[in-house]
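Below are the chains, spelled out letter by letter.
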Amino acid sequence: SSGINAEWPLRPGSSSTTTPSSSSSTTTPSSSSSTTTPSSSSSTTTPSSSSSTTTPSSSSSTTTPSPSTSVTPSLPSSTSSSLSTTSMYVPPANCTIPEGGDRVVIDLSEYVVIQDEPVSAENEQFIDIGNRKKFGEKIAVLYFDIDAALKDNGLEPKDIAVTDSRINFRVAKDESDNDDDFTPGRPVIFPLAEEYDPDSTWKQPWELGDGPIEELDYLTYSTVKFNKINRKPKLNFWIQGISTQLVRYFLTETIYRKNNNGFILRYVTESGADASHFISLDSPEFMDPEFRPFMDICFLPVEPPSPCEEEGGRIVRYYFSADTFIAKDSIVHGDDKHILVGNSGWDGNARTLLDFDMSSIPDGITLLPDIPNPVTIRLWYEGAEKAKPYNDPRQIDRKLSVHEVLESWKESQATNIYRLKSGNSGTKWNKPMMEKGTDYNGDIIDSYTIQDGQSPTNVYLNITTLFEKWLDNKASAKGVLIKDSLHENVPGYFLKFASLNHPDPTKRPYLEVCQEKKTCEPVDDPEPTQIVDEFGCVSEMNVTLNVCVAKNGGCETDSILNYGNMYHSGVTAFWHGNHELKTFCKCCIDKKVKIKKVMMDCFNVPSKEDYEKEYHYVEECECTECKEVTQSRKKRSAPSKTRLLLKSALKNLLRN
């Protein structure tokens, strides 16, 4: 038997909802289509333009993960992809719909197969990837239209939190005459660096004009690895890759968002050597729609903590500078991937510390007034975790409560005993696990209850009053403590949250602040004033002058004042001391002005007659493009001719 979950995926347009039992080893797809083999008569692969989407009811397949399960389902083991001679593989499981969530299914909408010379024949029924002697490598360029699928289901990226996503292909039986030893490996999906081009060939649009190159044409920040294939396919079978983190990158509202430009699909061998076979995957043109490739996304609806944008504000996310948790183990947990709250019994209770660098908050920001929860801590809850050696299996409701921290601490030093430590000496908390009233304020700022068996979700905690206090006195900001105020002394499970070190940056904690919108607008001088010109003539009456001013972070950029004499009037770019390019511009400038006139009295200016002077009164402002290039400059092996000419001109200028 295959060892893969025997649940049939629910596909768009499928009339069958039968879910075979996973315990049966004889359940197989219909054999009428499984014996179809690639034909060599066709030389082109034509993408299908359709993108069918469905959102099956969550009630039919809702699964609540147990406390010990991982948030993102793991790949099926590589042994489940080795070939069986007794039965054909059944499709892998759908993504897991969280409690209260739903699922969207996305067909592979566009693709093209490209091949290095010498080329081989193609069949539009299949997507071929891999390599073979006497032929060049084959790679597929793909596009799943995730945004269109969401919109078809009445969803926007900001409306959902992705909890699970998977991509599925069916491998076709290999009936070629290739008798070379099979090179084990797996199909891998990589995100494209630039937008998907349906006219892609082996020559274009790639950076070097000779096929896609890693980190130039496709990226590796997140990949989708499918089941390992150990030998030449003798049967049709499904393979699956977990795409959760990649999809979260596309849909996150944080600074980590990436563009969905499409994907490269290539066969990657275990040894790194060239492949010895082509792997044929059923394409979107395959005769039986039940076996066409698809992606599914399972998600939770997101309830924003405040109606910020609806009320005319803007949401700004600020990231914490430090986080850790303290437990009775006296170990520093500042580098852990998770922060914990609760009580495991064996390991005792755990409390989380979060710190925020208030210097990262621009001066003069204004919170949007008269809305609920304008400043919230956002945490990603990953589920409950048993402690070792699992002495108490109970899980109970736990109430997260937020408290102001009163003493300074460091994530690289803080434990249940010490808040600061260097070598054998250090500064202790007033009491192990922190003392109420001295180490932290006993008043609860906000709370949130995690219920027994709750699925992964966003957790929001309102700290508006504390944030406003920090704005008034930034030096008083020492962070927050999050503890269980309901059952902290009752053994059960730890509640596990993504930390600043979590491998998926979209899950890391941050502050969500609802601020008044950025503006770049005219501001009048407080009082009308008398104009004095360069000759000494004065205006006969006081006039109101104004200037463009950026408010609430409008036209934000790095201030040139931070660089002292490194900046000179008229210079818009220079090399920073660390050899990083810094570019400045005048950001909030006048867009529309009204020309006004005032009589100038030149009585005290010899040989100067009175005259009428024009002056500008700003009616409308705008932000110019402001950039700061902070990426370290990379040396080139051979400087371009343009750079050499510029360098020569600069040397001549300095000599003069």
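Residues numbered from 1 in each chain as written. Predicted model: local features only at pLDDT ≥ 70, side-chain atom pairs only at ≥ 80, totals over all residues. Heavy atoms only, no water.

(A) Quick look at the nonpolar core. The biggest cluster of nonpolar side chains holds 39 residues, and the ones touching the most others in it are I127, L142, I146, F169, L265 and L281. Here this core takes five residues from strand β6 (residues 160-171), the largest share from any one element. Filtering out sequence-adjacent residues up to four positions away, I146 remains in contact with I106, V247, F250, L251, N260, M295 and I297. Of all hydrophobic cores here, the second largest spans 34 residues; its members include L367, L466, W470 and V480. (Core = buried A, V, L, I, M, F, W, Y, C linked by side-chain atoms within 4.5 Å. Buried < 20%, exposed > 50% of the residue type's maximum accessible area, 1.4 Å probe, protein only. Helix = DSSP H or I, 4+ residues; strand = E, 2+ residues; numbered from the N terminus. Contact = heavy atoms within 4.5 Å.)

(B) Structural context of the confidence of the model for the protein chain. Averaged over every residue, the pLDDT of the protein chain is 79; the share at 70 or more is 74%. Segment residues 557-586 is flagged for pLDDT under 50; beyond a separation of four residues in sequence, or across chains, it makes 47 contacts in the model. (pLDDT = per-residue confidence, 0-100.)

(C) Summary view of the pattern of salt bridges. The final tally for this structure, using the stated rule, is 22 salt bridges. Close ionic contact of D504 with R248 constitutes a salt bridge, the shortest N to O distance being 3.2 Å. Of this pair, D504 sits in the loop between β24 (494-498) and β25 (510-516) while R248 sits in helix α3 (residues 244-251); the two residues are 256 residues apart in sequence, bridging distant segments of the chain. Judged by its relative accessible area of 3%, D504 is buried. We note a salt bridge from K469 to E404, for which the minimum N-O separation is 2.9 Å. Residue K469 is found in helix α4 (residues 464-472), and its partner E404 is found in strand β18 (residues 398-404); the two are separated by 65 residues along the sequence. Owing to a relative accessible area of 39%, K469 belongs among the partly exposed residues under this scheme. Within the structure, one salt-bridge network assembled from shared partners comprises E122, D128 and K138. (Salt bridge = Lys/Arg side-chain N within 4 Å of Asp/Glu carboxyl O.)

(D) Fine view of empty space enclosed by the protein. Taken as a whole and judged by the stated rule, the model has two cavities of 30 Å³ or more. The calculated volume of the second largest cavity comes to roughly 30 Å³. (1 Å grid on protein atoms, 1.4 Å probe; cavity = no way out; pocket = protein on both sides within 12 Å on 5 of 7 lines; lining within 4 Å. Points joined across faces, edges and corners; volume = space filled by probe spheres on them.)

(E) Broad picture of α4. Of the positions making up α4, those classed as buried are T464, L466, F467 and W470. The buried residues of α4 occupy an angular sector of 160° when the element is viewed end-on, so they sit on one face. Projecting away from the buried face of α4 at angles above 90 degrees are the exposed residues T465 and D472. The secondary structure elements touched by the buried residues of α4 are β17 (375-385), β18, β22 (457-462), β23 (480-484) and β25. (Arc of directions from axis to C-beta.)

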